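Read off the chains here:
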Amino acid sequence: MIFFFWIRESIKIIGRAKLSFILSLISTTISVILIIASITSFQLSDALKSRLTRNLTINMFLKDNIASEQVASLQDSLQQISSVKKVKYISKEKAAEIFIQQTGDDFRKILDYNPLPASFSISIGEEALSNDSLNTLLTRLKKIDSVDEVVYQQEFISELIKYLDSFKKYLLLATAVLILISLYVVYSTIKLIISSKYSELETMKLVGAKLSTIKLPIIFNGLIVGLIAGILSAAFYFLVTRYAGGLISLEKYFDMNNVFYLAVAIGSGPLLNLLVSVIALRKISLKI
């Protein structure tokens, strides 16, 4: 019975303060949308970064006079480097086959020797792209005596990955600031509701009402606003992803778990408003 009283009082609060309700609803909806957008952006950034780093390679060309024993020893030492994922040896003969396949020109018809050097194709991990690790690795490889030349032609991808990392930091900061602003609006709205009900709350204290009877209708009001905001945010997410699906195949970049995003949208609203309501009501006591 008391539960229905709390619900009824929560609905009355909405009816008495329609403008506050609308402001609170808009602020909470914006907060939830920002949370979903941030999670989506982070996942998309990580997925794109993973795709970019999957095929990052360094070509290390060897001198012609290197012995087969040196090749095996060098390959073993390269595989011991923490930032190296895979090392593939390409012999002079294999290099000639690849050249002919890619160009369609068989230089062996003109030359009686193979001018192409043996090489190592070194696949590097994501950790090699941070804090000048790549430059350190390239310098280390160039200092090897049996190495003639080290070529890395994916500087653009490396820079793009660094920009993605910076973007995530700025996105997190911007989202946090905007969410705090939205939550402050919700907090101010709740404080406004408390001020408008001041006389009623004092009367309830005089007649011996419990603290839960005073606070819970306001908390339930916040939960109702949060739930409506979550549903609106979920609907917004559904419409955006459905529309964007016709323009961009996001599924190609990362696994879009719609159930997860809808759960985050519907759950974030009530959770945020519950937190703000508890904070806003913390100073209310039975003291008259």
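What counts, and where the lines are drawn
Residues numbered from 1 in each chain as written. Predicted model: local features only at pLDDT ≥ 70, side-chain atom pairs only at ≥ 80, totals over all residues. Heavy atoms only, no water. Helix = DSSP H or I, 4+ residues; strand = E, 2+ residues; numbered from the N terminus. Buried < 20%, exposed > 50% of the residue type's maximum accessible area, 1.4 Å probe, protein only. Areas by Shrake-Rupley, 256 points an atom, 1.4 Å probe, with all protein chains shown as cover. Contact = heavy atoms within 4.5 Å. Pairing = 2+ DSSP bridges. Axes fitted to C-alpha atoms, helices over the stretch in contact; angles between N-to-C directions. Core = buried A, V, L, I, M, F, W, Y, C linked by side-chain atoms within 4.5 Å. Patch = residues over 30% accessible without salt bridge, like charges linked within 9 Å, V, L, I, M, F, W, Y side chains within 5 Å. Salt bridge = Lys/Arg side-chain N within 4 Å of Asp/Glu carboxyl O. Expected span 1.5 Å × (residues − 1). Bend = angle between axes of the 7 residues up to and from the residue.

So, on to the overall build of the protein chain. Summing up its helical and strand segments, the protein chain has nine helices and four strands in all. Relative to its full complement of 288 residues, the protein chain shows a buried share of 40%. For the protein chain, the exposed area adds up to about 17,500 Å²; of that, 62% sits on carbon and sulfur atoms.

This part takes up the side chain of S146. Within the fold, S146 resides in the loop between α5 (133-142) and β4 (147-151). Ignoring any residue separated from it by four or fewer positions in sequence, one finds S146 in contact with L62, K63, I66 and L74.

Reading across from one edge, β2-β3-β1-β4 is the order of the four strands in this open sheet, with antiparallel pairing throughout. Of all strands in the sheet, those with a lone pairing partner are β2 (84-90) and β4, marking the two edges. Taken over all neighbouring pairs, the strand axes of this sheet differ in orientation by 20 degrees on average, direction set aside. Note: strand β1 (residues 57-62) against β4, four bridges, orientation antiparallel.

Looking at soluble globular proteins, one finds that nonpolar side chains tend to be buried together. Judged by nonpolar contacts, the single largest core of 26 residues is most densely connected at I58, M60, L62, L78, F120, I122 and I124. Of the residues forming this core, the biggest block, four residues, is contributed by α5. What L62 contacts, discounting residues up to four positions off in sequence, is V71, L74, Y89, P117, A118, S119, F120, S146, V147 and D148. I179, F220, V264 and A280 belong to the second largest nonpolar core, which has 21 residues in total.

Right, let's get into a nonpolar patch on the surface. Where nonpolar side chains cluster on the molecular surface, the patch consists of L173, V177, L178 and I181 and spans about 360 Å² of accessible area. Tracing the backbone shows L173 in helix α6 (residues 155-196).

This paragraph deals with the environment of S158. Position of S158 relative to the elements: it lies in helix α6. Taking the C-alpha atoms as reference points, S158 and T53, separated by 105 residues in sequence, lie 8.4 Å from one another.

Moving on to helix α3 (residues 68-79). Between its terminal C-alpha atoms α3 stretches 17 Å, which fits the 16 Å expected from twelve residues at 1.5 Å a residue. On its buried face, α3 is in contact with β1, β2, β3 (119-124) and α5.

In this section: the pairing of β3. Of all six residues in β3, six are buried; the element is thus mostly enclosed. Of the two faces of β3, the one lined by S119, S121 and S123 and the one lined by F120, I122 and I124 are each fully buried. As defined by bridge partners, β1 adjoins β3 across five bridges and the pair is classed as antiparallel. Residue pairing for β3: I58 is matched across the bridge by I122. Alignment of β2 against β3, held across six bridges, turns out to be antiparallel. The partner of V87 across the bridge, within β3, is I122.

The next thing to look at is the environment of N55. Structurally, N55 is set in the loop between α2 (18-53) and β1. As for N55 and I124, which are separated by 69 residues in sequence, their C-alpha atoms are 8.1 Å apart.

Counting through the fold element by element, R54 comes out in the loop between α2 and β1. Taking C-alpha positions, R54 is 7.8 Å from G125, a pair spaced 71 residues apart along the chain.

The end-to-end C-alpha distance of helix α9 (residues 258-280), which contains 23 residues, comes to 33 Å, matching closely the 33 Å that a straight helix rising 1.5 Å per residue would cover. Along α9, the largest kink reaches about 30 degrees and is centred on S268; proline P270 follows within four residues of it. By the burial criterion, the buried members of α9 are Y261, V264, A265, S268, G269, P270, L272, N273, V276, S277 and A280.

With that out of the way, let us pick up the pattern of salt bridges. For the structure on display, the rule yields two salt bridges. For the salt bridge of D64 with K92, the shortest nitrogen-to-oxygen distance reads 3.6 Å. One end of the pair, D64, is in the loop between β1 and α3; the other, K92, is in helix α4 (residues 92-103), with 28 residues separating them in the sequence. Classification of D64 as exposed rests on a relative accessible area of 62%. The exposure class of K92 is partly exposed, given its relative accessible area of 23%.

Tracing the chain through its elements places S121 in strand β3. Taking the relative accessible area as the measure of exposure, S121 reaches 16% and is therefore buried. For S121, the contacting residues outside a window of four places in its chain are T57, I58, N59, K86, V87, K88 and I90.

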